[in-house]
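# Analysis of the macromolecular model
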Amino acid sequence: MSPPDRLEPSGFEPFEPKPAPLNESAAASAHPVNNDPTSAPGWERATLEKLAFAALKEQRSARRWKIFLRLAWLVFFVALVWLALSRAAPSATTTTTHTAMVSIRGEIADGADASAEFVIASLKAALEDPGSKGVVLLINSPGGSPVQAGIIHDEIKRLRAKHGKPIYAVVEESCASAAYYIAAATDKIYVDKASLVGSIGVLMDGFGFTGTMEKLGVERRLLTSGENKGFLDPFSPMNEAQRAHAQRMLDQIHAQFIDVVKKGRGDRLKQDTPGLFSGLFWTGQEAVDLGLADQLGSIDYVARDVIQAEDVVDYTRRDNVAERLAKKFGAAFADVAVHATMRSAPAVR
């Protein structure tokens with residue numbers, strides 16, 4: 001029987017050959033892979049773990065930074081306390097023979113580096129050192145307070161007599177007014193030929209705004225319980241009695257200054273020189289000729305040839321960093337309080 005004429009049983013499906021399988025790329029395109037992380041089982045837990053570890057790492061970093069900042073502030077405050085408690089010490093050992101140096105620089109005033117407190121403390125340390133053969137006051141100052149200068153002057157004489165060591169003054173650029181008041185107490189004064197020396201006088205300066213206030217139509221309302229309580233107020237006129245009283249005070253301080261110079265310089269001073277006590281100043285060479293100074297010389301010359309101890313040790317007492325910061329902050333608050341309650345009078349120089 002030929003195949004076309006073959007009869008199949010009822011319900012029988014003839015066998016059909018399957019098509020050849022597709023290659024892998026075609027299969028992938030036919031059945032795409034799902035890359036969505038949320039489709040993977042347990043993705044919520046993995047995400048939470050990652051977030052927890054990230055937060056923990058950030059907390060640790062913040063904690064380390066906070067600890068570092070606290071340690072840095074602690075070190076800073078410890079350094080400030082240490083600097084505040086420390087004092088400037090000599091720059092060399094005191095077991096060897098040397099020349100002690102104390103600098104007087106800038107304005108001579110209370111609270112300044114050239115105050116009586118600092119200069120006297122430096123002098124005591126220098127003279128009490130068994131290794132120092134003598135002291136040099138290295139002066140570069142235009143002057144300042146006659147009170148501070150007078151205290152230093154008297155203490156120089158006392159300490160010199162107590163310790164029996166010579167004290168010399170060496171002038172750099174200037175030694176005027178209150179600075180010369182101090183120098184007059186030393187054994188000898190050495191200057192440079194171009195130094196400025198002298199200015200033996202006293203002044204009290206200020207301003208008066210009464211005419212300006214009248215032009216601006218400003219009225220000064222000052223109430224006092226005494227007729228001279230507003231003395232030297234720059235916004236009130238000065239009468240002749242007040243002017244005469246101020247001049248008497250200046251003349252008295254000037255006379256004290258002259259007496260100190262005469263006693264300190266003695267026969268070396270040419271007192272008959274015109275204008276010697278008028279407030280004029282001279283060059284170093286002229287000062288030597290007038291007896292205001294002894295001779296030309298530097299600190300190295302005095303240490304090497306006069307004291308005969310070439311090594312120079314600085315005993316100058318100065319504010320350290322912490323003290324200067326404290327003074328600046330303290331002064332800022334103090335100025336506000338003081339100026340709110342009282343008026344400062346002109347200083348005598």
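This section reports on the structure supplied with the text. Keep in mind that this is a model prediction, so the values were computed, not measured.

It is worth spelling out unusual backbone geometry at this point. The backbone of Ser 177 sits at a positive phi, close to 55°, despite the residue not being glycine. Considering the arrangement of structural elements, one finds Ser 177 in the loop between strand E3 (167–176) and helix H5 (178–183). Owing to a relative accessible area of 9%, Ser 177 belongs among the buried residues under this scheme. You will see that Ser 199, though not glycine, has its phi angle at about 60°, which is positive. Inspection of the secondary structure assignment puts Ser 199 in the loop between strand E5 (196–198) and helix H6 (210–216).

This part takes up empty space enclosed by the protein. Counted under the stated rule, the structure contains 1 cavity of 30 Å³ or more. Taken together, 10 residues make up the lining of the largest cavity; nearest its centre are Pro 146, Ser 177, Ala 178, Gly 201 and Phe 257. Classifying every residue of the lining of the largest cavity by side-chain character gives 5 nonpolar, 4 polar and 1 charged.

Judged by how many residues are buried, strand E1 (residues 98–105) sits mostly within the fold: 7 of 8 residues are covered. One ladder, built from 8 bridges, connects E1 with strand E2 (residues 132–141); its direction is parallel. In the strand pairing of E2, Met 101 is matched with Val 136. Regarding topology, helix H3 (residues 116–128) serves as the crossover connection from E1 to the parallel E2, and that connection is right-handed. Sheet analysis places E1 next to strand E8 (residues 312–314), joined by 3 bridges and oriented parallel. By the bridge assignment for E8, Met 101 is matched with Asp 314.

Glancing now at a positive patch on the surface. On the surface, a cluster of positive charge is made up of Arg 60, Arg 63, Arg 64, Lys 66 and Arg 70. As for its position among the elements, Arg 63 is in helix H2 (residues 43–85).

Our next topic: the packing of aromatic side chains. Applying the stated criterion across every chain yields a total of 4 aromatic pairs. When the centroid spacing of 6.1 Å and the interplanar angle of 75° are considered together, the rings of Tyr 168 and Tyr 190 count as edge-to-face. One end of the pair, Tyr 168, is in strand E3; the other, Tyr 190, is in strand E4 (residues 188–191), and 22 residues separate them in sequence. Overall, Tyr 168 belongs to the buried group, its relative accessible area being 12%. Through successive ring pairs, a cluster of aromatic residues spans Tyr 168, Tyr 190 and Tyr 301.

This next bit is on helix H4 (residues 146–163). Compared with an ideal rise of 1.5 Å per residue, which puts 18 residues at 26 Å, H4 spans 26 Å between its outermost C-alpha atoms and is within 8% of the ideal. Buried within H4 are the following residues: Gln 148, Ala 149, Gly 150, Ile 152, His 153, Glu 155, Ile 156 and Leu 159. In this structure, the buried residues of H4 make contact with H3, E2, E3, H5 and helix H7 (240–265). N-cap assignment for H4: the residue whose side-chain oxygen lies 3.2 Å from the backbone N of Val 147 is Ser 145. With its phi angle positive at about 70°, Gly 164 sits one or two positions after the end of H4.

Analysis parameters
- Residue indices follow the written sequence of each chain, beginning from 1 at its first position.
- Under the rules for a predicted model, residues below a pLDDT of 70 receive no local features and side-chain atom pairs below 80 are neither given nor counted, while totals for whole chains, interfaces and linings still include all residues.
- Side-chain numbers come from the whole structure's heavy atoms, not from hydrogens or water.
- Only runs of H or I of at least four residues qualify as helices and only runs of E of at least two qualify as strands under DSSP, and these elements are numbered from the N terminus.
- Accessible area is worked out with a 1.4 Å probe on protein chains only. A residue is then buried under 20% of its type maximum, exposed over 50%, and partly exposed in between.
- Of the grid points, spaced at 1 Å and generated over the protein atoms alone, those admitting a 1.4 Å probe that cannot get out make up cavities, while open sets with protein on both sides within 12 Å along at least five of seven lines make up pockets; any residue with an atom within 4 Å of a point is treated as lining.
- Grid points are joined across faces, edges and corners, and a volume is the space filled by probe spheres set on the points.
- For this classification, Asp, Glu, Lys and Arg are treated as charged, while Ala, Val, Leu, Ile, Met, Phe, Trp, Tyr, Cys and Pro are nonpolar and the rest, including Gly, are polar.
- Pairing between strands is defined by DSSP: at least two bridges between the two strands are required.
- Viewed with both strands pointing away, a crossover whose connecting path from the first strand over the helix to the second turns clockwise is right-handed.
- Only residues whose relative accessible area exceeds 30% and that form no salt bridge are eligible for patches; like-charged ones are grouped when within 9 Å, while nonpolar side chains (Val, Leu, Ile, Met, Phe, Trp, Tyr) are grouped when within 5 Å.
- Areas reported as accessible are Shrake-Rupley estimates using a 1.4 Å probe. Residue values count occlusion only from the protein chains shown.
- Just to be clear on terms, a salt bridge is a Lys or Arg side-chain nitrogen sitting within 4 Å of an Asp or Glu carboxyl oxygen.
- The charged-residue count follows a simple rule in which Lys and Arg add positive charge and Asp and Glu add negative charge, with His and chain termini not counted at all.
- One atom stands in for each charge, and that atom is NZ of Lys, CZ of Arg, CG of Asp or CD of Glu.
- For this analysis, a ring pair means two rings from Phe, Tyr or Trp (six-membered ring only for Trp) whose centres lie within 6.5 Å, classed as stacked if their planes differ by under 30 degrees, edge-to-face if by over 60, and tilted for the remaining angles.
- Helix span, expected: 1.5 Å multiplied by one less than the number of residues in the helix.
- Throughout, a contact is declared for two residues whenever any of their heavy atoms are within 4.5 Å.
- Throughout this description, a polar contact denotes any pair of N or O atoms lying within 3.5 Å of each other; where both atoms belong to protein, one of them has to be capable of donating a hydrogen while the other can accept it, and for residues adjacent in sequence the pair is counted only when both atoms sit in side chains.

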